[in-house]
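Summary of the model geometry
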Amino acid sequence: MASDPGGPAADEEDEAFDLRVAEIGADLAGERIDKALAARLGDLSRARIQALIAEGRLSLDDEVVRDASARARAGDYVLAVPPPAPAEPRPEAIALSVFFEDAHLIVVDKPAGMAVHPAPGSESGTLVNALLHHCGDSLSGVGGVARPGIVHRIDKETSGVVVAAKTDAAHQGLSALFAAHDIERVYVALVRGAPHPARGTIEGRIARSTHDRK
């Protein structure tokens, strides 16, 4: 696995990396590289592949590929997947309201004021901290990111149901359902005044700002 002087060496710990080979043929040549690789490496999400490409973990013919949006060429792409990093959050004995739990997943009622996963300003007391204590070693790792088992999130000040995976298979299945919008979600909001009409549908082009992600 080649590396360039300007980025992380993908072969610095070859024995620890899982070298995944994606054979791109005429059927996928011309597609975005991240999309083509996701089609060949079904167990890795497109977002995970994009992150690995940005880290310089992808090569074609011993040349590092860094642009996930570039068009794929026919050939054997090699993606060096590092081992999952241990979860950084520490288990905390925080009471959880559990709606459902089995060997594969857990469904909890997250209270308002609790962040789903650690972030600047909320390094502890999060749902992840509580789940690590409640579930122990059964939580699924999320692509090396310290968000074990989490497949979706709701805002810190929002209360509601959160589903977490306890196995890799459940994590992949739940992620696919959320990505396909195949799970129905209902939100209840407190409003000021009396909306008129009382029922209806609000449609609009709502998306994250391209200039300010917050």
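In what follows, the structure referred to is the one given above.
Computed from a predicted structure; not experimentally measured.

A few points about the overall build of the protein chain
Secondary structure summary: the protein chain contains four helices and seven strands in total. In the protein chain, the succession of helices and strands from N to C terminus is β-α-α-β-β-β-β-β-α-β-α. The buried share among the 214 residues of the protein chain stands at 31%. Put simply, 60% of the contacts in the protein chain that link residues at least 6 apart link residues at least 24 apart. Summed over all atoms, the accessible surface of the protein chain reaches about 13,800 Å², with 51% contributed by carbon and sulfur.

Side note on the environment of Glu23
Mapped onto the secondary structure, Glu23 falls in strand E1 (residues 18–24). You can call Glu23 exposed: its relative accessible area is 57%. A C-alpha to C-alpha distance of 9.8 Å links Glu23 and Leu41, two positions 18 residues apart in sequence. If we skip the residues at most four places from it in the chain, Glu23 touches Arg40, Gly75 and Asp76.

Some points on a nonpolar patch on the surface
Among the surface-exposed residues, Phe99, Phe100 and Val161 lie close enough to one another that they form a single nonpolar patch of about 290 Å² accessible area. Among the secondary structure elements, Phe99 is positioned in strand E5 (residues 97–101).

Examining the nonpolar core
Among the nonpolar cores identified, the biggest contains 19 residues, and Ile24, Ile33, Leu37, Ile53, Leu58, Tyr77 and Leu79 are the most heavily contacted of them. Every element with two or more residues in this core is listed here: E1, helix H1 (33–40), helix H2 (46–54), strand E2 (58–60) and strand E4 (75–81). The next biggest cluster of nonpolar side chains, apart from the first, holds 14 residues, and it includes Ile106, Met114, Leu131 and Val162.

Brief notes about the sheet that holds strand E3 (residues 63–65)
Two orientations exist for strands paired in a sheet by backbone hydrogen bonds: parallel and antiparallel. Pairing is antiparallel across the open sheet formed by four strands, whose spatial order is E1-E4-E2-E3. Two strands close off the open sheet at either side, each with one partner strand: E1 and E3. Here the strands of the sheet are splayed against their neighbours by 30 degrees on average, with no regard to which way each runs. Two strands pair when backbone bridges link them, and E1 and E4 are joined in this way by seven bridges, in the antiparallel orientation. Of the residues in E4, the one forming a bridge with Ala22 is Tyr77. Each of E1, E2, E3 and E4 is contacted by H1, which is oriented at about 105 degrees to E1, the strand it contacts most. Where H2 meets the sheet, its contacts fall on E2, E3 and E4, and the angle it forms with E4 comes to roughly 90 degrees.

Describing the pairing of strand E7 (residues 160–165)
Of all six residues in E7, five are buried; the element is thus mostly enclosed. Bridge analysis of strand E6 (residues 105–110) against E7 gives six bridges, and the strand direction is antiparallel. The partner of Val108 across the bridge, within E7, is Val162.

Procedures and definitions
Residues numbered from 1 in each chain as written. Predicted model: local features only at pLDDT ≥ 70, side-chain atom pairs only at ≥ 80, totals over all residues. Heavy atoms only, no water. Helix = DSSP H or I, 4+ residues; strand = E, 2+ residues; numbered from the N terminus. Buried < 20%, exposed > 50% of the residue type's maximum accessible area, 1.4 Å probe, protein only. Contact = heavy atoms within 4.5 Å. Areas by Shrake-Rupley, 256 points an atom, 1.4 Å probe, with all protein chains shown as cover. Patch = residues over 30% accessible without salt bridge, like charges linked within 9 Å, V, L, I, M, F, W, Y side chains within 5 Å. Salt bridge = Lys/Arg side-chain N within 4 Å of Asp/Glu carboxyl O. Core = buried A, V, L, I, M, F, W, Y, C linked by side-chain atoms within 4.5 Å. Pairing = 2+ DSSP bridges. Axes fitted to C-alpha atoms, helices over the stretch in contact; angles between N-to-C directions.

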